[in-house]
Amino acid sequence: MQSKAAWALVITGVAGFMAALDNLVVTTALPAIRQDLGGALEDLEWTVNAYTLTYAVLLMSGAALGDRFGRRKLFVAGLTIFTAASAAAALAPGIEALIAARALQGVGAAITTPLSLTLLTAAVPAARRGVAYGIKGAVDGLAVAGGPLIGGTLTEHLSWQWIFWLNVPLGLALIPLARLRLQESHAPDARLDIPGTLLVSGGLFGIVYGLVNANPHGWTSPQVLTALIAGTALTGGFIHHGLHAKNPVLPLRIFGIRAFAAVNAASVFMFLGMFGSIFLLSQFLQNALGYSPTQAGLRMLPWTAMPMIAAPLSGYLADRIGSRPVVITALALQALGLADFALITSPDVTYAAQLPGLIVSGIGMGLFFAPAANLTMSSVRPADQGMASGANSALREVGGALGVAVLAALFSAHGGYGSPQRFADGLVPALWAGAAAVALGAGAAVLIPARNAAPAAAAGHARP
């Protein structure tokens, strides 16, 4: 039992690291990519957005396919796609080929991400899941926060292609390990819901496409408005379908479970504030304070390293005192750290002044992942865990895309890239918005039922 759980933790942890890393690793390599492959600014943006778009859109589909055809089988298929796409990105002869490879990477990541949590849950005894989620959360948090550092270091000292080559040996090692060490599982009576899958995929595509294009093209531009309106309409159709279909891809009754609904709301607000803030802060260190990509990444290490310490601790605490107080504390600390950044931000701010915000934010982020995963998976029936994981992952990605779009819009409205002072002027209101979003997440987490309500929720009963 211990060996099975350990192997599941290693395999799903490394796969999650690869997927999470590629969300941000490309950002610091964009100047080098442009110098090598050419392309307009919009093309460079799409090297980031192509991954985000396919990743967010297909998360629900990846979970549904795994439930129907076998979670291990689809997990291996997702790893194979992601590894092959990483090699294609490293070998890309032009910017168009790179964008296509990045989109294919997103497809692979969208399949592996929700299934990794389901496979890990099945392999680990319930009493030990908090610790397992904590370790996996530490790895995922390190990938998210360390993306700019890893991308900057590889680009500066090797070449930008190595941010993609890094995935290839990892993927080639994981594929046979997953086939040998993970147990196959299916959701009972799982059936493909093609209308629901098309509706949710189309809805997420429209919303995420509109969000990632809102700042380059303007919130009121025809293509952004059309995408957002169409995405919202298709999402509304998906909700109607989920309420009336016999076997929907996402049974909306699980959102009647208070723990599940509250932790998903908290996750959306957390990722909105966190992703938007990291996106701007990593640029502030380079564009306003003059650090190189590697230097900027090193100075964010207190934020990067804290999840490695806090995430395993949060898993232990969740097993001991329940997930709810840990999630609330995590979000409160994250909001406090971002508020501290907003208070001290200036064109000549010292690194010593930044340290408290970096450390507190890192602790908050590290404490969040494990208990949030525990609540997501324990609040629903085992048969619904694949769909629950896919829904949670998709909502977090939409929250992250919304955070980058909204905070970047606030940044542009109050400042810009013209000078360090202009950058600081735009960053401050954006950080306050990020702190407010995470604080709203803490408020949502307060609505999570106390620990003794978990068994009823896990049985699938909605709670008021």
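Quick note: structure is the one above.
Residues numbered from 1 in each chain as written. Predicted model: local features only at pLDDT ≥ 70, side-chain atom pairs only at ≥ 80, totals over all residues. Heavy atoms only, no water.

## Side note on the overall build of the protein
Inference 1: In terms of helices and strands, the protein carries 18 helices and zero strands.
Inference 2: Counting every position in the protein, which comprises 464 residues, the buried fraction comes to 57%.
Inference 3: Partitioning the contacts of the protein with sequence separation of at least 6, the portion at a separation of at least 24 is 84%.
Inference 4: Roughly 17,500 Å² of accessible area belongs to the protein as shown, and the carbon and sulfur atoms make up 68% of that amount. (Helix = DSSP H or I, 4+ residues; strand = E, 2+ residues; numbered from the N terminus. Buried < 20%, exposed > 50% of the residue type's maximum accessible area, 1.4 Å probe, protein only. Contact = heavy atoms within 4.5 Å. Areas by Shrake-Rupley, 256 points an atom, 1.4 Å probe, with all protein chains shown as cover.)

## A few points about the side chain of Thr113
Inference 1: As for its placement among the helices and strands, Thr113 is situated in helix 5 (residues 95–123).
Inference 2: By relative accessible area, Thr113 is classed as buried at 14%.
Inference 3: Separated by 2.9 Å, the side chains of Thr113 and Tyr55 make a polar contact.
Inference 4: Discounting residues that sit within four places of it in the chain, Thr113 has contacts with Ala19, Tyr55, Leu59 and Ser393. (Polar contact = N/O pair within 3.5 Å; in protein donor to acceptor, adjacent residues only side chain to side chain.)

## With respect to the packing of helix 4 (residues 71–90) against helix 8 (residues 167–181)
Inference 1: Between helix 4 and helix 8, the shortest axis-to-axis distance is 9 Å and the interhelical angle comes to 165°. Considering the angle they form, helix 4 stands roughly antiparallel to helix 8. Of the two elements, helix 4 crosses helix 8, and the hand of that crossing is left-handed. For the pair helix 4 and helix 8, the contacting residues are Arg72, Phe75, Val76, Leu79, Thr80, Phe82, Thr83, Ser86 and Ala87 in the first and Asn167, Val168, Gly171, Leu172, Leu174, Ile175, Ala178 and Arg179 in the second.
Inference 2: A per-class count over the contact of helix 4 with helix 8 returns 10 nonpolar, five polar and two charged. (Axes fitted to C-alpha atoms, helices over the stretch in contact; angles between N-to-C directions. Parallel < 35°, antiparallel > 145°, perpendicular 65-115°, else oblique. Left-handed = near helix turned anticlockwise from the far one by under 90°. Nonpolar A, V, L, I, M, F, W, Y, C, P; charged D, E, K, R; others polar.)

## Digging into the environment of Ile11
Inference 1: Within the secondary structure layout, Ile11 lies in helix 1 (residues 2–24).
Inference 2: Judged by its relative accessible area of 0%, Ile11 falls in the buried class.
Inference 3: Along the sequence, Ile11 and Leu170 sit 159 residues apart, while their C-alpha atoms lie 10.0 Å from each other.
Inference 4: Those residues in contact with Ile11 that lie beyond four places of it in its chain are Phe75, Leu174, Leu177, Ala178, Arg181 and Leu182.

## Let's talk about the nonpolar core
Inference 1: The biggest cluster of nonpolar side chains holds 80 residues, and the ones touching the most others in it are Ile33, Phe75, Leu98, Phe164 and Leu250.
Inference 2: It is helix 5 that provides the largest number of residues to this core, a total of 12 residues.
Inference 3: Beyond its immediate stretch of four places on either side in the chain, Phe164 contacts Asp22, Val26, Ser86, Ala89, Ala90, Leu98, Arg102 and Gln105.
Inference 4: Core analysis: the next-biggest nonpolar cluster, separate from the first, contains 52 residues, Val263, Val327, Leu338 and Val438 among them. (Core = buried A, V, L, I, M, F, W, Y, C linked by side-chain atoms within 4.5 Å.)

## Side note on the packing of aromatic side chains
Inference 1: Within this structure, the stated rule accounts for five aromatic pairs.
Inference 2: For the ring pair Phe284 and Phe423, a centre distance of 5.9 Å and an interplane angle of 40° mean the geometry is tilted. Of the two residues, Phe284 sits in helix 11 (residues 258–288) while Phe423 sits in helix 17 (residues 420–446), which places them 139 residues apart along the sequence. Both residues of the pair, Phe284 and Phe423, count as buried.
Inference 3: Through pairs of rings, three or more aromatic residues link up here, namely Phe284, Phe411 and Phe423. (Phe/Tyr/Trp six-rings, centres within 6.5 Å; stacked < 30°, edge-to-face > 60°.)

## A few points about the environment of Ala227
Inference 1: Within the element layout of this structure, Ala227 appears in helix 10 (residues 222–244).
Inference 2: Sequence spacing of Ala227 and Tyr209 is 18 residues, and the spatial spacing of their C-alpha atoms is 6.6 Å.
Inference 3: The residues touching Ala227, leaving out its near neighbours within four places in the chain, are Gly206, Ile207, Tyr209 and Gly210.

## Digging into the packing of helix 14 (residues 323–344) against helix 15 (residues 351–378)
Inference 1: Their axes nearest at 7 Å, the elements helix 14 and helix 15 cross at an angle of 155°. Judged by the inter-axis angle, helix 14 sits roughly antiparallel to helix 15. Seen along the crossing, helix 14 lies across helix 15 with a hand that is left-handed.

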